[in-house]
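Chains, contacts and geometry: an overview
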Amino acid sequence: MDKVSLRNVWKIYPGAKTAAPAVRDFNLNIGDGEFMVFVGASGCGKTTTLRMIAGLESISRGEILIDGKVVNNLSPRQRNIAMVFQNYALYPNLTLFENMAFGLRLRKMEKYRISELVNQKAKKLEIDHLLDRLPKDVSGGQRQRVALGRAIVRDPSVFLMDEPLSNLDAKMRVQMRSEIIRLHRELGTTTVYVTHDQTEAMTMGDRIVVMNGGVMQQVGTPEEIYNEPANRYVAGFIGTPPMNFIPGRLEKTQKGYAFSNRMFLLDVPAEKITPAIARYVGRDLVGGIRPEYMSVRPMTGEGRPANHFAGRLELSELVGADRFLHLRYDETDTLVPPVIVRGSVRDKFDPGTMLYVTADMGMFLFFDVNTGMRII
């Protein structure tokens, strides 16, 4: 059974400077126990959608259901949800114990039961030794654990998390990310998590919703989103470095088919020529390939590799075990961006070096020039 359902949900702010809705015709079913992540750039509508689920924002059109019940007109308190905010939202004058117990006291729960639950959850979060302190006396990571504890102690039907890790440093974000994943596996509570960080989305979500301009661009597992992006926006947003986009056209050759522009001609494997892509023969389109599906080789006398083009090295970035090589293949048009190849620490070349760039054409994707939608 679906735990949360959004049906044709719109959010239009009265008097907004732009006529565009903040959220447009949003449809999504979130399964019981699922960890769903909303990801997108600032202003894409992800937090607005989360706040509509919570009841903190009214809905302009559509329906939201929790446990099969329409909750449009229910207050946040009546929806049996718990929300974890970006800024922790702790009461500064209450101890950590009192912060975690606050919601239970509003429910008129007996004191011994409150104490039992708070201590139990605090121990799970490894903050049981801090419960008598005030929020100002503990670290940001510990305050975030308290915010999580305040949510889980209530045993809600749904957890809603709005960028809960964005105020933490990089090391603490990784630690808390693991903590949230572990808690979700233990508790099995349906969770909707908002982030602008694609790494969080890819590592935490059972499924991911990619949003842009108030519109859901794609929903799928991390693998589907990464390997089968619905359009250029998703392909370019997900991945570090992002997918390379190369303008060109599809041609029929004596060997079969090729993707070409004035700088190169790359053979396209026969298995990629579906009826959908065959319609583009002789037409402009955009090729897309991830940096890890390309490699480089010095331009020596060993012969030219198959499916290659030449590129001049502009920039080499050493990132841990990887080296990101930025190569300009079209030096006559500065508007054409360089391609980025994910190499290794051994791929050490001086800027300005000419290199052969080889592409795995089996991993090449093609996008419509006008709509941006993926063809294959």
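Just so it is clear, the model here is predicted, and its values are computed rather than measured. (Residues numbered from 1 in each chain as written. Predicted model: local features only at pLDDT ≥ 70, side-chain atom pairs only at ≥ 80, totals over all residues. Heavy atoms only, no water.)

We now examine the packing of aromatic side chains. Within the structure shown, the criterion is met by 12 aromatic pairs. With a centroid separation of 5.7 Å and an interplanar angle of 35°, the aromatic rings of F35 and Y193 are classed as tilted. Within this pair, whereas F35 is found in strand 3 (residues 35-39), its partner Y193 is found in strand 8 (residues 190-195), the two being separated by 158 residues in sequence. By the burial criterion, F35 is buried, and Y193 matches it. Connected via pairs of aromatic rings, a cluster forms that spans F259, F264, F309, Y329, F364 and F366. Over the ring of F245 we find R232; its NZ or CZ atom is 4.4 Å from the centre of that ring. The cationic tip of K252 hangs over the ring face of Y257; the distance from NZ or CZ to the ring centre is 5.0 Å. (Phe/Tyr/Trp six-rings, centres within 6.5 Å; stacked < 30°, edge-to-face > 60°. Helix = DSSP H or I, 4+ residues; strand = E, 2+ residues; numbered from the N terminus. Buried < 20%, exposed > 50% of the residue type's maximum accessible area, 1.4 Å probe, protein only. Lys NZ or Arg CZ within 6 Å of the ring centre and 35° of its normal.)

On to the nonpolar core. By size, the foremost hydrophobic cluster in this structure holds 44 residues, and its most contacted members are V118, I180 and Y193. For this core, the element with the highest residue contribution is helix 4 (residues 140-152), accounting for five residues. Excluding its chain neighbours within four sequence positions, the residues that come into contact with Y193 are F35, M36, V37, F38, M161, P164, L165, I180, E200 and M204. One finds F259, M294, L327 and F364 within the second-largest nonpolar core, a separate group that totals 30 residues. (Core = buried A, V, L, I, M, F, W, Y, C linked by side-chain atoms within 4.5 Å. Contact = heavy atoms within 4.5 Å.)

A word on the domain arrangement of the chain. In terms of domain boundaries, the chain breaks down into domain 1 (2-237) and domain 2 (244-368). Taken together, the contact between domain 1 and domain 2 spans eight residues of the former and seven residues of the latter. Of all residues in domain 1, Y226, R232 and A235 give up the largest surface area on contact with domain 2, accounting jointly for 74% of the area buried on that side. Between the two partners, domain 1 and domain 2, sit zero salt bridges. Where domain 1 touches domain 2, the interface holds three residue pairs in polar contact (both at pLDDT 80 or more). For the side of domain 1 that touches domain 2, the elements supplying multiple residues, two or more each, are helix 7 (222-227) and helix 8 (232-237). (Domains from an automatic or database assignment. Buried area = accessible area lost by both parts, 1.4 Å probe. Salt bridge = Lys/Arg side-chain N within 4 Å of Asp/Glu carboxyl O. Polar contact = N/O pair within 3.5 Å; in protein donor to acceptor, adjacent residues only side chain to side chain.)

Moving on to the layout of surface pockets. Quantified by volume, the largest pocket comes out at close to 560 Å³. I81, A82, M83, G103 and R154 are, among the 18 residues lining the largest pocket, the residues nearest its centre. When grouped by side-chain class, the residues that make up the lining of the largest pocket number 13 nonpolar, one polar and four charged. (1 Å grid on protein atoms, 1.4 Å probe; cavity = no way out; pocket = protein on both sides within 12 Å on 5 of 7 lines; lining within 4 Å. Points joined across faces, edges and corners; volume = space filled by probe spheres on them. Nonpolar A, V, L, I, M, F, W, Y, C, P; charged D, E, K, R; others polar.)

In total, this model carries one cavity of 30 Å³ or more according to the counting rule given. Reported here for the largest cavity is a volume of approximately 60 Å³. If you trace the largest cavity, you find it lined by F35, L148, I152, F159, M161, I180, L183, H184, L187, T189 and T191. Secondary structure elements with two or more residues in the lining of the largest cavity: helix 4, strand 7 (158-162) and helix 5 (170-187). With four residues, helix 5 is the largest single contributor of residues to the lining of the largest cavity. Among the residues forming the lining of the largest cavity, the class breakdown is eight nonpolar, three polar and no charged.

It is worth spelling out the pattern of salt bridges at this point. Tallying each qualifying case throughout the model produces 18 salt bridges. Notably, a salt bridge pairs R207 with E34, separated by 2.5 Å at the nearest N-O pair. Residue R207 is found in strand 9 (residues 207-212), and its partner E34 is found in the loop between strand 2 (23-31) and strand 3; the two are separated by 173 residues along the sequence. For R207, a relative accessible area of 24% translates into the label partly exposed. We classify E34 as buried; its relative accessible area is 12%. Where D330 meets R262, a salt bridge forms, and the shortest distance between an N and an O atom there is 3.1 Å. Of this pair, D330 sits in the loop between strand 17 (322-328) and strand 18 (339-344) while R262 sits in the loop between strand 12 (257-261) and strand 13 (264-268), and the two are 68 residues apart along the sequence. For D330, a relative accessible area of 5% corresponds to the buried category.

It is worth spelling out the sheet that holds strand 17 at this point. Reading across the sheet, the five strands line up as 15-19-16-17-18 and stay open at both edges, with antiparallel pairing between neighbours. The sheet is open, and its two borders are formed by strand 15 (294-298) and strand 18, each paired with just one other strand. Each strand axis lies, on average, 45° off the axis of its neighbour in the sheet, ignoring direction. Sheet analysis places strand 16 (residues 308-319) next to strand 19 (residues 354-359), joined by five bridges and oriented antiparallel. Considered in strand 19, the bridge of H308 is made with T358. (Pairing = 2+ DSSP bridges. Axes fitted to C-alpha atoms, helices over the stretch in contact; angles between N-to-C directions.)

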